[in-house]
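The lines below spell out each chain.
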Amino acid sequence: MSSSEFPEYVAQNVANWTRANAEYTDARAAESWAQDEITWGIWRIPESELRVLPELEGRDVVELGCGTAYFSAWMAKRGARPVGIDPTPAQLATARRMQRETRIEFPLIEAVGEDVPFPDASFDIVHSEYGASIWADPYKWIPEAARLLRPSGWLVFMCNSTLSMLCMDMEGVKEELQRPQRGLHRLDWSDTDEVVFHIGHGDWITLLRASGFEIVRLVELFAPENAQTHGYYNYVTPDWGRRWPAEEIWVARKRG
Ligand SMILES: C[S@@+](CC[C@H](N)C(=O)[O-])C[C@H]1O[C@@H](n2cnc3c(N)ncnc32)[C@H](O)[C@@H]1O
């Protein structure tokens, strides 16, 4: 699939990520790539605490929506063989610059999570951290993840929690519900012209199982007592995040 054939909502999101790259992701890439510890989400919770990732050493990993590819770099440092997939050329350009600077190198491909140019059963792990996991239609990218995985392969992805999406408006996450859960799927943010995808837990379970996965864990992330907001990601306060999970990580395994 060439970029002209991407789903219709992708062009808007690529325009937004091109802008975000100029505003902050390019500037933050060096710090993220330099980090040795794997951390998760806005509260930067260490992987050593959560233990959600399977063994990485020697594993073929594809990151769907890799952005500046710092998470793939963290996995490469642990012996994985990552491939980064992303539709935004500016994000991939930053990732390539970081590869030259760090000499941590792996393939980076301009594509969407809904249609990945690799044969069936190419990978041991499909990963997404706020990539395809929120920017791609789950009814397309989850079956695509299943296709890409070898039998017993792992799917690990992070997204905003369902509850936070029900409470989110353009200003941030509120304490009151802002939208119904019934019909939750595609959200068009009119102010920013972004299109994101979120579904409820029951729908996730149905979709994952229908796509050939067994669900291993759903990890709901609360803010630690000493949590602080980190720069751009201030749409949820530590006070909210200590009481409700703002983010969640799904771990599923393709049936063998
Ligand atoms: C928050 S960033 C990803 C962060 C990433 N974990 C990193 O290491 O930088 C979101 C990325 O999703 C990408 N994206 C947008 N639409 C996508 C789609 N349909 N499939 C895959 N990725 C998409 C954007 O281009 C953007 O680079």
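Please refer to the structure placed before this passage.
Residues numbered from 1 in each chain as written. Predicted model: local features only at pLDDT ≥ 70, side-chain atom pairs only at ≥ 80, totals over all residues. Heavy atoms only, no water.

(A) Representation of the site of the ligand within the structure. Around the ligand, a shell composed of 21 residues is seen, among which Cys66, Asp86, Thr88, Gly113 and Glu129 lie nearest. Measuring from an oxygen atom of the ligand, one finds a backbone N or O atom of Thr68 at 3.1 Å. The fraction of the free accessible surface of the ligand (600 Å²) that becomes covered by protein chains is 96%. Split by residue class, the shell around the ligand holds 10 nonpolar, 7 polar and 4 charged. (Near = heavy atom within 4 Å. Polar contact = N/O pair within 3.5 Å; in protein donor to acceptor, adjacent residues only side chain to side chain. Areas by Shrake-Rupley, 256 points an atom, 1.4 Å probe, with all protein chains shown as cover. Nonpolar A, V, L, I, M, F, W, Y, C, P; charged D, E, K, R; others polar.)

(B) Representation of the pattern of salt bridges in the model. The tally for this structure, following the rule as stated, stands at 16 salt bridges. Between Arg81 and Asp60 there is a salt bridge, with its nearest N and O atoms 2.9 Å apart. With a gap of 21 residues between them, Arg81 in strand 4 (residues 81-86) and Asp60 in strand 3 (residues 60-64) connect regions that are remote in the sequence. In this structure Arg81 comes out as partly exposed when scored by relative accessible area, which is 46%. Overall, Asp60 belongs to the buried group, its relative accessible area being 17%. Of the charged contacts, one joins Arg243 and Glu175 as a salt bridge, the two residues approaching to 2.6 Å between their closest N and O atoms. Within this pair, whereas Arg243 is found in helix 9 (residues 238-243), its partner Glu175 is found in the loop between strand 9 (172-173) and strand 10 (186-189), the two being separated by 68 residues in sequence. The class for Glu175 is partly exposed, based on a relative accessible area of 49%. Linked through salt bridges whose partners overlap, the residues forming this network are Asp60, Arg81, Asp124 and Arg150. (Salt bridge = Lys/Arg side-chain N within 4 Å of Asp/Glu carboxyl O. Helix = DSSP H or I, 4+ residues; strand = E, 2+ residues; numbered from the N terminus. Buried < 20%, exposed > 50% of the residue type's maximum accessible area, 1.4 Å probe, protein only.)

(C) Spotlight on unusual backbone geometry. Positive phi is not limited to glycine here, since Arg51 has a value of about 50°. Inspection of the secondary structure assignment puts Arg51 in the loop between helix 2 (47-50) and strand 3. Located in the positive-phi region is Ser152, a residue other than glycine, with phi close to 70°. With respect to the helices and strands, Ser152 occurs in strand 7 (residues 149-160). Among the residues examined, Ser152 registers a relative accessible area of 30% and is labelled partly exposed.

(D) Looking closely at the environment of Ala111. Tracing the backbone shows Ala111 in the loop between strand 5 (108-110) and strand 6 (123-129). Through-space distance from the C-alpha of Ala111 to that of Asn226 is 38 Å; in sequence the pair is 115 residues apart. Beyond its immediate stretch of four places on either side in the chain, Ala111 contacts Phe6, Ile85, Asp86, Pro87 and Pro117. (Contact = heavy atoms within 4.5 Å.)

(E) View of the packing of helix 1 (residues 10-34) against helix 3 (residues 70-77). Closest axis-to-axis distance for the helix 1/helix 3 pair is 9 Å, and the angle between their directions is 20°. What the angle tells us is that helix 1 and helix 3 run roughly parallel. The element helix 1 and its partner helix 3 pack so that their crossing is right-handed. Here Ser32, Trp33 and Ala34 of helix 1 lie close against helix 3, whose contacting residues are Tyr70, Ala73, Trp74 and Lys77. Taken together, the residues that form the contact of helix 1 with helix 3 break down as 5 nonpolar, 1 polar and 1 charged. (Axes fitted to C-alpha atoms, helices over the stretch in contact; angles between N-to-C directions. Parallel < 35°, antiparallel > 145°, perpendicular 65-115°, else oblique. Left-handed = near helix turned anticlockwise from the far one by under 90°.)

(F) Inspection of the pairing of strand 3 at higher detail. Burial within strand 3 is extensive, with 5 of its 5 residues counted as buried. Neither face of strand 3 is left uncovered, since the one carrying Asp60, Val62 and Leu64 and the one carrying Val61 and Glu63 both have all their residues buried. Looking at chain direction, strand 3 and strand 4 are connected through 5 bridges and run parallel. Residue pairing in the sheet places Val62 in a bridge with Val83 of strand 4. For the crossover from strand 3 across helix 3 to strand 4, the handedness is right-handed. As judged from the 3 bridges shared by strand 3 and strand 6, these two strands associate in the parallel manner. (Pairing = 2+ DSSP bridges. Right-handed = clockwise from strand over helix to strand, strands pointing away.)

(G) Inspection of empty space enclosed by the protein at higher detail. All told, the structure shown has 1 cavity of 30 Å³ or more when counted by the stated rule. Space inside the largest cavity adds up to approximately 30 Å³. In terms of lining, the largest cavity is formed by Ser133, Cys159, Asn160, Thr162, Phe197, His198, Ile199, Trp204 and Glu248. A class-by-class count of the residues in the lining of the largest cavity yields 4 nonpolar, 4 polar and 1 charged. (1 Å grid on protein atoms, 1.4 Å probe; cavity = no way out; pocket = protein on both sides within 12 Å on 5 of 7 lines; lining within 4 Å. Points joined across faces, edges and corners; volume = space filled by probe spheres on them.)

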